[in-house]
Amino acid sequence: MVSLCAEDVLAIAEHMDVKSILALKLVNKTFAAIITYYERSISIARSARLRNCVTPSGNVLSSELFLRRNLGFGTFKMVREFEIRDDRIEYILQHRSFINIASPPGLQQLNGAQQDHLRSLLKRSLWICDWIADIAVNKPGAKVQEGAYKPLRTRFYEKGNELEGFRLMNPVTNPRARPYQRDYIQGLPLEDIAMMYYLANALSAIFLQERAGSLESDPTRQEQATVFEESVLRHGSWFLWAHLINDAQWQSLAAKIGRLGLLELLDYETGAHDDDQPGLKQALIRRFRELVGSKKNSLEKVHIVVRRMILGTDETWDDDSDVDDTEAEEEEEDDDADPFFQ
């Protein structure tokens with residue numbers, strides 16, 4: 001192996017995980033020099049080999065407990081983060097509290113090929129949600145400093161929610177990143193928009209179903225479901241894995257994200273701040289309606305689009321382009337308040 005040329009070393013490294021690549025660097029000084037010099041190209045090639053990975057065009061966030069560090073694009077740290085996300089997304093897809101792939105909401109009993117197709121599309125949707133979170137470290141004014149994560153272990157942001165500086169530095173809500181994230185959603189194609197919409201609503205329905213007893217008399221029941229959807233869309237696998245994993249510390253992180261999201265939503269509903277940003281779910285609904293040329297009944301049409309993608313049906317819907325805009329806005333609010341589980 002010591003006599004391998006640079007091209008051979010690169011070809012081998014591009015098929016290795018990060019742990020193996022770093023071990024390969026220790027073989028000799030020549031290997032170390034080659035791998036160090038070509039870290040960027042190896043990292044990009046390795047990332048592209050991860051199935052359904054949405055390769056970013058910039059830096060990414062780490063997925064640590066109560067911390068998300070800024071990881072440079074084209075580095076082995078970036079690739080390691082992708083490997084972590086890939087493993088966690090696989091865990092999520094197989095979890096009992098995730099969507100039942102064999103008999104999913106709004107679809108029929110699926111055969112093996114259809115299940116594989118749905119699983120692949122849902123995995124891609126989670127990768128997209130992860131990249132939506134990463135957008136925050138790549139836009140001017142939206143980057144959150146690592147030190148801002150430390151207070152998440154306390155009630156700092158819950159107590160200081162009314163203070164402007166603390167509200168803007170909150171890494172969970174990060175309102176300064178929202179316009180960029182909404183713009184990104186606005187550029188997604190119908191297939192991605194429909195699957196993200198399907199994913200968010202199905203998961204919030206499961207959330208409500210599993211907490212039917214504890215949330216039945218809670219006046220914020222529907223707001224908590226909306227926040228759960230937003231948390232998936234904003235934080236992707238970082239939040240969802242923390243919510244599902246049987247670990248008290250990670251579950252406390254997921255609960256913290258939910259509490260801070262609820263505070264933000266209640267502020268938005270009451271108009272507490274002049275610059276409050278609407279959520280990503282709203283951007284998803286509006287983009288979906290724009291793509292299908294419709295103004296209402298979005299969830300029903302999401303089912304139809306997903307059935308087309310998974311089952312190959314040729315279903316259509318009635319034209320409602322002449323619906324009054326006020327009526328459409330009212331229905332948009334109903335969409336958020338009615339997660340489906342049928």
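Residues numbered from 1 in each chain as written. Predicted model: local features only at pLDDT ≥ 70, side-chain atom pairs only at ≥ 80, totals over all residues. Heavy atoms only, no water.

Colleague: I'd like a description of the nonpolar core, backed by residues and values.
Modeller: Among the nonpolar cores identified, the biggest contains 89 residues, and Phe98, Ile99, Leu122, Leu203 and Leu240 are the most heavily contacted of them. The leading source of residues in this core is helix H10 (residues 190-210), at 13 residues. For Phe98, the contacting residues outside a window of four places in its chain are Ile92, Leu93, Leu122, Leu199, Leu203, Ile206 and Leu240. (Core = buried A, V, L, I, M, F, W, Y, C linked by side-chain atoms within 4.5 Å. Buried < 20%, exposed > 50% of the residue type's maximum accessible area, 1.4 Å probe, protein only. Helix = DSSP H or I, 4+ residues; strand = E, 2+ residues; numbered from the N terminus. Contact = heavy atoms within 4.5 Å.)

Colleague: Quick one: what's the story with the layout of surface pockets, residue by residue and with numbers?
Modeller: A probe matching the size of a water molecule, rolled over the atoms, marks out where space remains unfilled. Here the second largest pocket defines a volume of roughly 300 Å³. Every residue lining the second largest pocket is counted, 16 residues in all, and those nearest its centre are Phe207, Gln224, Ala254, Ala255 and Gly258. Secondary structure elements with two or more residues in the lining of the second largest pocket: helix H12 (221-235), helix H13 (237-244) and helix H14 (248-270). Among the elements that make up the lining of the second largest pocket, the one with the highest residue count is H14 (6 residues). In terms of residue class, the lining of the second largest pocket is made up of 9 nonpolar, 5 polar and 2 charged. (1 Å grid on protein atoms, 1.4 Å probe; cavity = no way out; pocket = protein on both sides within 12 Å on 5 of 7 lines; lining within 4 Å. Points joined across faces, edges and corners; volume = space filled by probe spheres on them. Nonpolar A, V, L, I, M, F, W, Y, C, P; charged D, E, K, R; others polar.)

Colleague: Explain unusual backbone geometry residue by residue, including any values.
Modeller: Positive phi, close to 60°, is recorded for Phe66, a residue that is not glycine. For Asn174, which is not glycine, the phi torsion reads 35° and is therefore positive. With respect to the element layout, Asn174 can be found in the loop between helix H8 (164-169) and helix H9 (178-186).

Colleague: Break down the pattern of salt bridges for me, with residues and values.
Modeller: With the rule as written, the count across this model stands at 19 salt bridges. Arg85 serves as the salt-bridge partner of Asp134, at 2.9 Å between the closest nitrogen and oxygen. In this pair, Asp134 sits in helix H6 (residues 112-134) while Arg85 sits in helix H5 (residues 76-94), placing the two residues 49 residues apart along the sequence. The two residues Asp134 and Arg85 agree in class, both being buried. One salt bridge in this structure joins Lys123 and Asp86, with 2.9 Å as the shortest N-O distance. A residue pair is termed long-range when its members are at least 10 positions apart, and Lys123 in helix H6 and Asp86 in helix H5 qualify at 37 residues. With respect to class, Lys123 is no different from Asp86; both count as buried. Each of the salt bridges in this network shares a partner with another, and the network as a whole consists of Arg155, Glu158, Lys256 and Arg259. (Salt bridge = Lys/Arg side-chain N within 4 Å of Asp/Glu carboxyl O.)

Colleague: Can you lay out empty space enclosed by the protein for me, pointing to particular residues and giving the numbers?
Modeller: One pass over the structure, following the stated rule, counts 3 cavities of 30 Å³ or more. As a volume, the largest cavity reaches approximately 150 Å³. Ala133, Ala136, Pro171, Asn174 and His235 are, among the 14 residues lining the largest cavity, the residues nearest its centre.

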